[in-house]
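Fold and geometry: a report
Chain by chain, the residues run as shown.
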Amino acid sequence: MSTPTRITHHVAGRTWDGPVGRTSPVFNPATGQETGALDLATADEVGQVVATAKEAWASGWGSSSLSKRTQVLFRFRELLNERKEDIAALITAEHGKVLSDALGEVTRGLEVVEFACGIPHLLKGGFTENASTKVDVYSIRQSLGVVAVISPFNFPAMVPLWFVPVAIACGNTVVLKPSEKDPSATVAIADLWREAGLPDGVMNVVHGDKEAVDALLTHPDVKAVSFVGSTPIARYVYETGTANGKRVQALGGAKNHMLVLPDADLDLAADAAVNAGFGSAGERCMAISALLAVEPIADDLIEKIKDRVGKLVTGDGTRGTDMGPLVTQQHRDKVASYLDAGVEAGAELVVDGREADFDADGDGFFLAPTLFDKVSPEMSVYQDEIFGPVLSVLRVQSYDEGLELINSNPYGNGTAIFTNDGGAARRFQNEVEVGMVGINVPIPVPMAYYSFGGWKNSLFGDSHAHGMEGVNFFTRGKVVTSRWLDPSHGGLNLGFPQNT
Ligand code: NAD
């Protein structure tokens with residue numbers, strides 16, 4: 001067994017050279033091996049990083065020209081595109097998702113960089129000439145200063161890229177605190193910012209746990225916090241950050257439903273259920289975990305899903321498998337415990353993910369796709385966000401019964417409807433109380449130029465990520481009312497003829 005590599009902070013364009021204090025283990029989930037020892041910052045160290053970011057903002061980035069910012073962004077875009085395979089390999093090695101999935105998340109992140117490259121257009125203000133006689137009014141948007149980004153394990157590259165390029169493009173400086181579970185991709189991406197010519201201190205990565213998060217949430221020089229993670233922590237981050245005077249957007253957990261109407265194309269629906277239920281081992285905030293089959297189609301649909309699941313290979317994500325391991329042994333065991341809980345509560349275990357063979361060496365954290373039928377709303381497999389490859393089918397009798405279930409769920413991140421009836425789909429998009437809706441698509445993926453975010457317990461705050469909501473979140477509006485006396489008005493003599 002090789003010694004775990006030290007993974008540390010990336011501050012002011014350099015690897016941190018401070019002493020080692022508390023550390024957290026990082027694993028390769030496909031082998032079970034401990035590959036890294038991650039430095040966890042103290043509150044004092046977080047304070048030093050915030051001071052670096054503040055200095056970088058005050059000494060230039062906050063007042064940098066838009067052409068300078070876009071030059072860096074375009075270069076960063078090219079570098080990220082060139083190195084995306086390397087970044088994907090780092091993600092697979094620490095998160096476990098298969099390489100094609102890892103590459104997909106970097107590509108989605110790239111799209112946000114491309115969106116941010118348009119910042120000169122996005123930051124244009126409004127102008128009103130002669131709001132009153134010789135009085136003009138105009139609006140400008142200015143940067144905030146130091147902003148913090150706190151991200152989850154499940155998209156170690158994409159979620160930071162939802163925020164960091166937009167924040168930097170808007171003239172802010174950033175302190176990013178990634179998940180302790182898979183930190184290496186963020187460090188590699190931070191180094192690309194340096195290579196792209198971003199001035200030192202504009203983009204910094206500090207690793208840590210609750211101590212580091214609390215230090216960011218209470219630091220007076222942190223002006224805004226973008227958080228993504230589970231609902232209890234999102235609520236805590238929102239409450240603590242706003243109580244400390246910051247603007248906060250905190251995206252939380254999810255329990256996403258797919259409603260299949262009797263007239264739907266069942267092959268399309270089955271493909272979608274498998275893709276959205278088991279892709280990335282169900283560790284996606286947009287994963288479908290509850291499938292509402294409007295009778296009489298449940299038997300047919302379940303047969304089709306079962307057939308497809310039987311063909312999936314679970315194993316090491318570097319070997320061309322369909323699904324990788326869960327992120328940690330602890331998380332794998334927690335997800336597996338729901339299989340017993342579901343059976344005890346009376347659900348029917350159609351496919352048991354514990355019984356599969358896995359294409360891997362070593363002692364990875366594997367659980368293959370699992371399918372439950374006859375789940376009812378009071379069961380914990382339905383109530384909890386399991387965040388693993390467990391798909392629960394609930395049989396409902398009507399569209400209305402399905403809609404009622406979705407709308408009474410405390411989460412409201414994503415949902416999908418499968419139907420061939422345009423009127424039903426249109427009614428659903430109007431009536432469903434969820435932030436992101438798919439119609440005959442498994443899960444709506446984030447599009448950089450729209451904003452991404454849920455409703456209810458899936459979002460604390462009022463701003464979604466990227467798109468125009470992201471630009472507004474990372475800037476403050478200012479309205480200027482100005483009056484300039486022209487030379488003919490007396491008082492000034494700039495050589496203009498009078499009364500022209
Ligand atoms: P998590 O809440 O455990 O951790 C998220 C971040 O919070 C990490 O950086 C972590 O270090 C920090 N953190 C953890 N415990 C903390 C505490 N007690 N105090 C302060 N900070 C703490 O989430 P996770 O397990 O890394 O990620 C999975 C969750 O993220 C799921 O619930 C998923 O639905 C959610 N998620 C949501 C979205 C979305 O767009 N809504 C996107 C991705 C993931």
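Since this is a predicted model, take the numbers as computed values, not measurements. (Residues numbered from 1 in each chain as written. Predicted model: local features only at pLDDT ≥ 70, side-chain atom pairs only at ≥ 80, totals over all residues. Heavy atoms only, no water.)

What follows covers the UniProt feature "domain: Aldehyde dehydrogenase" (unreviewed entry) in the chain. Those residues carrying the UniProt feature "domain: Aldehyde dehydrogenase" (unreviewed entry) are residues 22–480 in this numbering. In this annotation, residues 22–480 is assigned 40% helix and 22% strand; the end-to-end C-alpha distance for the span is 50 Å. (UniProt positions renumbered as here; feature names shortened; annotations may be inferred. Helix = DSSP H or I, 4+ residues; strand = E, 2+ residues; numbered from the N terminus.)

This paragraph deals with unusual backbone geometry. A cis amide bond links Glu-295 to the next residue, Pro-296, at an omega of 20°. Note on placement: Pro-296 falls in the loop between β14 (288–294) and α11 (298–309). The phi angle at Ser-280 is positive, at roughly 55°, despite the residue not being glycine. Tracing the sequence through the fold places Ser-280 in the loop between α10 (266–278) and β14.

What follows covers the site of the ligand. In the region of the ligand, 26 residues are neighbours, and Ser-151, Glu-180, Ser-230, Gly-252 and Glu-385 sit closest. Contacts to the ligand include Lys-177, whose side-chain N or O atom sits 2.9 Å from an oxygen atom. Interatomic distance of 3.3 Å between a backbone N/O atom of Gly-229 and an oxygen atom of the ligand. Expressed as a share of its isolated accessible area of 840 Å², the protein-covered part of the ligand is 88%. Of all the secondary-structure elements, those providing two or more residues to the shell around the ligand are α8 (210–218) and β11 (222–228). Its residues placed into classes, the shell around the ligand shows 14 nonpolar, eight polar and four charged. In terms of domain composition, the shell around the ligand takes at least three residues from each of domain 1 (5–252 + 458–480) and domain 2 (256–439). (Near = heavy atom within 4 Å. Polar contact = N/O pair within 3.5 Å; in protein donor to acceptor, adjacent residues only side chain to side chain. Areas by Shrake-Rupley, 256 points an atom, 1.4 Å probe, with all protein chains shown as cover. Nonpolar A, V, L, I, M, F, W, Y, C, P; charged D, E, K, R; others polar. Domains from an automatic or database assignment.)

The next point concerns the pattern of salt bridges. What the rule picks out here adds up to 29 salt bridges. The salt bridge partner of Lys-177 is Glu-180, with a shortest N-O separation of 3.7 Å. A salt bridge links Arg-395 to Asp-373; its shortest N-O distance comes to 2.9 Å. In this pair, Arg-395 sits in strand β17 (residues 390–396) while Asp-373 sits in strand β16 (residues 370–373), placing the two residues 22 residues apart along the sequence. The network of salt bridges with shared partners includes Asp-267, Asp-271, Lys-304 and Arg-308. (Salt bridge = Lys/Arg side-chain N within 4 Å of Asp/Glu carboxyl O.)

Here the focus is the pairing of strand β8 (residues 146–150). Within β8, five of the five residues are buried, leaving the element largely enclosed by the surrounding structure. Across the two faces of β8 the burial is the same, with Val-146, Ala-148 and Ile-150 and Val-147 and Val-149 all buried. The β-α-β motif built from β8, the intervening helix α6 (residues 158–169) and the parallel element strand β9 (residues 173–177) has right-handed crossover chirality. Taken together, the five bridges between β8 and β11 define a ladder with parallel strand orientation. (Buried < 20%, exposed > 50% of the residue type's maximum accessible area, 1.4 Å probe, protein only. Right-handed = clockwise from strand over helix to strand, strands pointing away. Pairing = 2+ DSSP bridges.)

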